[in-house]
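Here is what each chain is made of, one letter per residue.
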Amino acid sequence: MKPDEISGELGKHIKDCSEEFMEEIAQHIYRPLRKKYQEVAKSVFIQSLGSNKKKTNVDLQERINALWTNVKMFEKSVKLFNEESQVLLSKHLLKTLSSDITNVALLSVAKDSMLAVTEDSQLTPEMRVNLISKLPEPTKSVFTQLHSSLNEKSLHEFYDQLDVVCSNRHLGLLLKKPDKKKERQLAFHHKQSLLEQLKNETEVAFVLHLSTVLMVQSYTHCMVHASGKLVPHLIAFLKDYVPSDQHQILYLCQDHVMQEIKKSSQHGDEAENDLKIIRRQLAELIPKVKDMALAKKMTASQNDEDDEE
């Protein structure tokens, strides 16, 4: 409220004083009144910031814990594979879910440092390095080490660096390990998701991918996170679990998928004829692969439902 507005308000309530006197009174109370208003406004603003910061921290902890829990659960299956496959599966986890955790944490601290970012930004490794370079120390060094851990062959270094980032010196977040019941529920819902995808999938390479991932979980009760390139490793792993005739079907399907990819890039009548034969054979194999995955799912479903409850 300006001095003339204060004078006007005083005039409404005090009738026997001159206009000059009202203006003098208004000038006298304007500064302390303005100072009091600024103090109250600042207090409200700070409280609002504190409330928003607390909500942001809760949301951040939930997002990071959800991703971290998935990484830990997928890691259980990694330990079942041979050394070569362990490295490849671990590197895939680091490239995907672990990188997602790093990006979520990095975007949060970048926002706190007043850098121009949005929380849903999709960061490539190059963008991540560039953003880290703009952070103040010691945050810059901490995130540099976390980013570097994503290039390792195992998850150990990533876990160590994530603990540092989440410590009270930095993000102040608590990484919560889910209890056994929660883990069973997560595994059950993950399997249900795979099942729904498999039922609706028609692309042969994706059917084989989903089927092998689902079968590994069904036989080991461990979730597995693998790219399509790792399907041969999953099939080799399943040799110790499935009957030999079923494993032969998986192997043949894998071989035909790879041949189809190779022949699709070739030209000429011979390549076209070969491609027709391969696709006809895949058309016979794929339903069998689906049935194997779904049949194993059905035999295990009752136990899974009991665990989920």
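Residues numbered from 1 in each chain as written. Predicted model: local features only at pLDDT ≥ 70, side-chain atom pairs only at ≥ 80, totals over all residues. Heavy atoms only, no water.

Asks: Help me get a handle on the overall build of the chain, residues and values and all.
Replies: Summing up its helical and strand segments, the chain has eleven helices and zero strands in all. Within the chain, the proportion of its 309 residues that are buried is 37%. Entry remark: accessible area of the chain is about 19,000 Å², with carbon and sulfur atoms responsible for 52%. (Helix = DSSP H or I, 4+ residues; strand = E, 2+ residues; numbered from the N terminus. Buried < 20%, exposed > 50% of the residue type's maximum accessible area, 1.4 Å probe, protein only. Areas by Shrake-Rupley, 256 points an atom, 1.4 Å probe, with all protein chains shown as cover.)

Asks: Which residues make up the pattern of salt bridges, and what values go with them?
Replies: Pairing is possible between side chains of opposite charge, provided their charged atoms come close. The full count for this structure, using the stated rule, is five salt bridges. The residue E260 makes a salt bridge to R279 at a minimum N-O spacing of 3.0 Å. On the criterion of sequence distance, the pair formed by E260 in helix α10 (residues 244-264) and R279 in helix α11 (residues 269-308) is long-range, its members being 19 residues apart. For E260, a relative accessible area of 13% puts it in the buried group. For R279, a relative accessible area of 43% corresponds to the partly exposed category. (Salt bridge = Lys/Arg side-chain N within 4 Å of Asp/Glu carboxyl O.)

Asks: An account of the nonpolar core is requested, with residue identities and associated values reported.
Replies: Formed by 69 residues in total, the largest nonpolar core has its most connected members in I64 and F143. Tallying contributions element by element places helix α3 (residues 83-112) first for this core, with eleven residues. In this view, F143 contacts T102, A105, L106, V109, I132, L135 and V165; residues no more than four positions away in its chain are not counted. (Core = buried A, V, L, I, M, F, W, Y, C linked by side-chain atoms within 4.5 Å. Contact = heavy atoms within 4.5 Å.)

Asks: Break down helix α5 (residues 139-149) for me, citing the residues and quoting the values.
Replies: Of the residues making up α5, those classed as buried are T139, V142, F143, L146, H147 and S149. Each buried residue of α5 sits inside an arc of 160° when the element is viewed along its axis, so together they form one side. Turning to α5, the residues buried within the fold contact α3, α4 (125-133) and α6 (156-166). (Arc of directions from axis to C-beta.)

Asks: Tell me about a negative patch on the surface, and name the residues and values.
Replies: Together, E152, E157, D160 and D163 line one region of the surface with negative charge. Of the residues examined, D160 reaches a relative accessible area of 44% and is grouped as partly exposed. (Patch = residues over 30% accessible without salt bridge, like charges linked within 9 Å, V, L, I, M, F, W, Y side chains within 5 Å. Lys, Arg positive; Asp, Glu negative; His and termini not counted. Charge placed at Lys NZ, Arg CZ, Asp CG, Glu CD.)

Asks: An account of unusual backbone geometry is needed here, citing residue identities and associated values.
Replies: Cis geometry is found at the peptide bond from E137 to P138, where omega equals 0°. In this fold, P138 is placed in the loop between α4 and α5. Within the chain, M114 stands out as a residue other than glycine whose phi angle is a positive 65°. Take M114: it is sitting in the loop between α3 and α4. Even without a glycine there, the phi angle at H221 is positive, about 60°. By secondary structure assignment, the location of H221 is in the loop between α8 (204-220) and α9 (231-238). Of the residues examined, H221 reaches a relative accessible area of 54% and is grouped as exposed.

Asks: Tell me about the packing of α9 against α10, and please be specific about residues and values.
Replies: The N-to-C vectors of α9 and α10 enclose an angle of 165°; their axes lie 10 Å apart at closest approach. Relative to α10, the element α9 lies roughly antiparallel. Remark: the crossing between α9 and α10 carries left-handed chirality. On the side of α9, the interface is formed by P232, I235, A236 and L238, while α10 contributes H247, L250, Y251 and Q254. (Axes fitted to C-alpha atoms, helices over the stretch in contact; angles between N-to-C directions. Parallel < 35°, antiparallel > 145°, perpendicular 65-115°, else oblique. Left-handed = near helix turned anticlockwise from the far one by under 90°.)

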